Amino acid sequence: MTNLVILVGRIARDPETRTTGGGTGITSISVATDRPARKEGKTYKDENGYTAKDSEFHRITCFNGLGQNVAKYCTKGQLVTVEGRIHYTQWEDQSGAKRYGCEIIADKVDFLSKGRQGGNEGAPDIEED
């Protein structure tokens, strides 16, 4: 069985980094992907004459060294490829209602465009160890 995700999209907001009580570094990004929008099963043009797009935003979580490099080199608007796996979570909120979430746990992030100023020139594609 396989749980493999490959996304190509733009970073929707600057990376956010935190550290767990156990010292694990976690960096989160949101990656936006587009696909042609459809009405009645057909693609259509927007008011500017371009093919209309539907966007989806994917929560990406990067750990330790991968997360450090993403935080250091990535910025909003940068084009990236993310390889990883889908992870589902379930919890109860403060009112006791069951809540569900979905995220991509990244194993590899490839930079397809430049990020931070002076950032990823010469920076390698990075993978989680």
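Everything discussed here concerns the structure shown above.
The notes below deal with the structure included here. Computed from a predicted model, the values in this text were never measured in an experiment. Within every chain, residues take consecutive numbers counted from 1 along the sequence as written. Local features in this predicted model are restricted to residues whose pLDDT is 70 or higher, and side-chain atom pairs enter the listing and the counts only when it is 80 or higher, whereas totals over whole chains, interfaces and linings include all residues. Excluded from the side-chain calculation are hydrogens and water; included are all heavy atoms of the structure.

**Overview of the packing of aromatic side chains**
Stacked, tilted and edge-to-face pairs are distinguished by plane angle, under 30 degrees for stacked and over 60 for edge-to-face with tilted covering the rest, among Phe, Tyr and Trp rings (Trp via its six-membered ring) whose centres lie within 6.5 Å. Following the criterion strictly, the structure yields one aromatic pair and no others. It is Lys39 that lies over the ring of Tyr44; its NZ or CZ is 4.6 Å from the centre. Any Lys NZ or Arg CZ found within 6 Å of a ring centre and within 35 degrees of that ring's normal is scored as a charge over the ring.

**Overview of the pattern of salt bridges**
What counts as a salt bridge is simple: a side-chain nitrogen of Lys or Arg found within 4 Å of a carboxyl oxygen of Asp or Glu. This structure, assessed with the given rule, holds three salt bridges. Between Glu16 and Arg13 there is a salt bridge whose closest N-O contact spans 3.3 Å. Notably, a salt bridge pairs Arg99 with Asp93, separated by 4.0 Å at the nearest N-O pair.

**Quick notes on the nonpolar core**
What is meant by a nonpolar core is a set of buried Ala, Val, Leu, Ile, Met, Phe, Trp, Tyr and Cys residues, joined one to another through side-chain atoms within 4.5 Å. The classification of residues rests on relative accessible area computed with a 1.4 Å probe and restricted to protein chains. Under 20% of the type maximum is buried, over 50% is exposed, and intermediate values are partly exposed. Counting 17 residues, the largest nonpolar core has Ile60, Cys62, Val70, Val80, Val82, Ala106 and Val109 as its most contacted members. Numbering of helices and strands runs from the N terminus; a helix is a DSSP stretch of H or I covering at least four residues, while a strand is a stretch of E covering at least two. Of all the secondary structure elements, the ones that give two or more residues to this core are β1 (5-11), β3 (25-36), β6 (53-63), α1 (64-73), β7 (79-92) and β8 (98-111). Among the elements that make up this core, the one with the highest residue count is β8 (four residues).

**Things to note about the environment of Thr89**
Considering the arrangement of structural elements, one finds Thr89 in strand β7. The exposure class assigned to Thr89 is partly exposed, which follows from its relative accessible area of 26%. Note on definitions: a residue-residue contact is assigned when non-hydrogen atoms from the two residues lie within 4.5 Å. When near neighbours in sequence (up to four residues on either side) are disregarded, Thr89 contacts Arg99, Tyr100, Gly101 and Glu103.

**Here's the deal with the state of the cysteines**
Throughout, a disulfide means two cysteine sulfur atoms within 2.5 Å of one another. Inspection of the entire model under this criterion finds zero disulfides. Not engaged in a disulfide, the cysteine Cys62 finds its nearest cysteine sulfur in Cys74; these two sulfurs lie 7.9 Å apart.

**Some words on the pairing of β1**
Bridging between β1 and β7 involves six bridges; their strand directions are antiparallel. Across the sheet, Arg10 pairs through a bridge with Leu79, a residue of β7. Any two strands between which DSSP finds at least two bridges are classified as paired.

**Let's talk about the side chain of Thr81**
Looking at the secondary structure, you find Thr81 in strand β7. Dropping the residues within four chain positions of it, Thr81 is found in contact with Ile6, Leu7, Val8, Lys108, Val109, Asp110 and Leu112.

**Comments concerning the pairing of β8**
Judged from the two bridges that link them, β6 and β8 form a sheet pairing that is parallel. Opposite Thr61, over in β8, you have Ile105 as the bridge partner. Where β7 lies against β8, 13 bridges are found, and the strand directions are antiparallel. Within the sheet, the bridge partner assigned to Glu92 lies in β8 and is Lys98. Between the end of β7 and the start of β8, which pair antiparallel, lie five residues, with Gly96 showing a positive phi angle near 90 degrees.

So far we have only geometry, and geometry alone does not tell us how the molecule works.
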